[in-house]
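Working through the structure, step by step
Residue-level listing of the chains:
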Amino acid sequence: MEPAHSANRVPADSTPPDGQPPVTSSGPREGAPTPATEGAAVPVDDEPAPGVPPASDRAGRRPRDMVISMLVLLVPIAIFFAFYRGFLGGDQPVTVDTAPAIDQARSAALFPVSEPTGLGDSWRPIRANFQTVDDGSSLRIGYVTPEGRGAQLVQSNVPPERLLPTELTAEGQPQGAVDLDGRSWQRYTARGNEQAYVLLEPERTVLVIGDARDNELRQLAISLR
């Protein structure tokens, strides 16, 4: 006697009617819908994903976004520089105190030291130092003139034949004597667009040199006391 079969059991193979091919349970027929795909929507390649703008919109928006980003960065910088220049004097050169260098040169007592007097606040000293080298010592004071140009005062006991070529370069050529406040100065050309006034004394040589206008260089030379 054969064991009973479950009511839900599906025979592995069934016998087809006469003249028909056998039917197996190996899978669905070709072209037949499957449970996983039946009723599912088929994506269309030309349609953008939800929430993503078309490529043309993104490309058109990018230059505008870059401009906005640049403005966000540049506006605070412009405000800072306006404040720096307008309220903090950002365009003004940093001035120095000339007194320590002048006192040092006088304490060395190597040559007579003169000090500019009566120039006013529009003459801004930006450099002052006293330096000793092998063949002598020099006191240098650099200024920004009222017109915003450069002028330098040099007092030194370095021999003139060594000092002048160093300070004026090979371009320095005498242009004649000029009387300034009762003292005879020699006018020289110098490097580039600079000119110089030179005062030769037994114990020192004084130079006023720079690209400042002639009247400003003369004013600096006359101010020495």
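Here goes a summary of the coordinates provided. Residue positions within a chain follow its written sequence, with the count starting from 1. Totals for whole chains, interfaces and linings use all residues, but because this is a predicted model, local features are given only for residues with pLDDT of at least 70 and pairs of side-chain atoms are given and counted only at 80 or more. Computation of side-chain values: all heavy atoms of the structure, hydrogens and water removed.

We treat two strands as partners when DSSP finds at least two bridges between them. Helix and strand labels come from DSSP, where a helix needs a run of H or I of at least four residues and a strand needs a run of E of at least two; each type is numbered from the N terminus. Read from one edge to the other, the open sheet built from seven strands follows the order 3-4-5-9-8-7-6, with strand pairing classed as antiparallel. The two strands at the open ends of the sheet, each matched to only one other strand, are strand 3 (124-133) and strand 6 (174-180). Pairs of neighbouring strands in the sheet enclose a mean axial angle of 20 degrees, with direction left out of account. In the sheet, strand 4 (residues 136-144) pairs with strand 5 (residues 150-156) via seven bridges, with the strands oriented antiparallel. Looking at the pairing, Ile 141 lines up with Leu 153 of strand 5. Should any heavy atoms of two residues lie within 4.5 Å, those residues are considered in contact. A fitted line through C-alpha atoms serves as each axis, taken over the contacting stretch for helices, and the angle formed by two N-to-C directions is quoted from 0 to 180°. Relative to strand 9 (residues 205-210), helix 3 (residues 160-168) is tilted by about 10 degrees, and along the sheet it contacts strand 4, strand 5, strand 7 (183-189), strand 8 (195-200) and strand 9.

Right, let's get into the layout of surface pockets. Site definitions follow a grid-based scheme: protein atoms alone, a 1 Å grid, a 1.4 Å probe that fits but cannot get out for cavities, and for pockets an open set with protein on both sides within 12 Å along at least five of seven lines, plus lining residues having an atom within 4 Å of a point. Grid points are joined across faces, edges and corners, and a volume is the space filled by probe spheres set on the points. The space that makes up the largest pocket amounts to roughly 170 Å³. Around the largest pocket, the lining residues are Gln 131, Val 133, Asp 135, Ser 138, Arg 140, Val 158, Arg 162, Leu 163, Thr 166 and Glu 167. At the level of elements, strand 3, strand 4 and helix 3 are the ones that each hand at least two residues to the lining of the largest pocket. When residues in the lining of the largest pocket are grouped by element, the largest group, four residues, is from helix 3. For this classification, Asp, Glu, Lys and Arg are treated as charged, while Ala, Val, Leu, Ile, Met, Phe, Trp, Tyr, Cys and Pro are nonpolar and the rest, including Gly, are polar. Grouping the amino acids of the lining of the largest pocket by side-chain chemistry returns three nonpolar, three polar and four charged.

In plain words, nonpolar cores are sets of buried Ala, Val, Leu, Ile, Met, Phe, Trp, Tyr and Cys residues tied together by side-chain atoms within 4.5 Å. Think of it in three bands: residues with accessible area under 20% of the maximum for their type are buried, residues over 50% are exposed, and the middle band is partly exposed, with areas taken using a 1.4 Å probe on protein chains only. The biggest cluster of nonpolar side chains holds 25 residues, and the ones touching the most others in it are Leu 139, Trp 185, Val 208 and Leu 220. At the level of elements, helix 2 (99-108), strand 4, strand 5, strand 6, strand 8, strand 9 and helix 4 (214-222) are the ones that each hand at least two residues to this core. Dropping the residues within four chain positions of it, Val 208 is found in contact with Gln 152, Leu 153, Trp 185, Gln 195, Ala 196, Tyr 197, Leu 217, Leu 220 and Ala 221. Core analysis: the next-biggest nonpolar cluster, separate from the first, contains eleven residues, Val 158, Leu 164, Leu 207 and Ile 209 among them.

Among the nine residues of strand 4, nine are classified as buried, and the element is accordingly described as predominantly covered. Residues Gly 136, Ser 138, Arg 140, Gly 142 and Val 144 line one face of strand 4 and the alternating positions Ser 137, Leu 139, Ile 141 and Tyr 143 line the opposite face, and both faces are buried. As paired strands, strand 3 and strand 4 are joined by nine bridges and run antiparallel to one another. Considered in strand 4, the bridge of Phe 130 is made with Leu 139. In textbook terms, the turn of a hairpin is the stretch between consecutive antiparallel strands, and for strand 3 and strand 4 this stretch comprises two residues.

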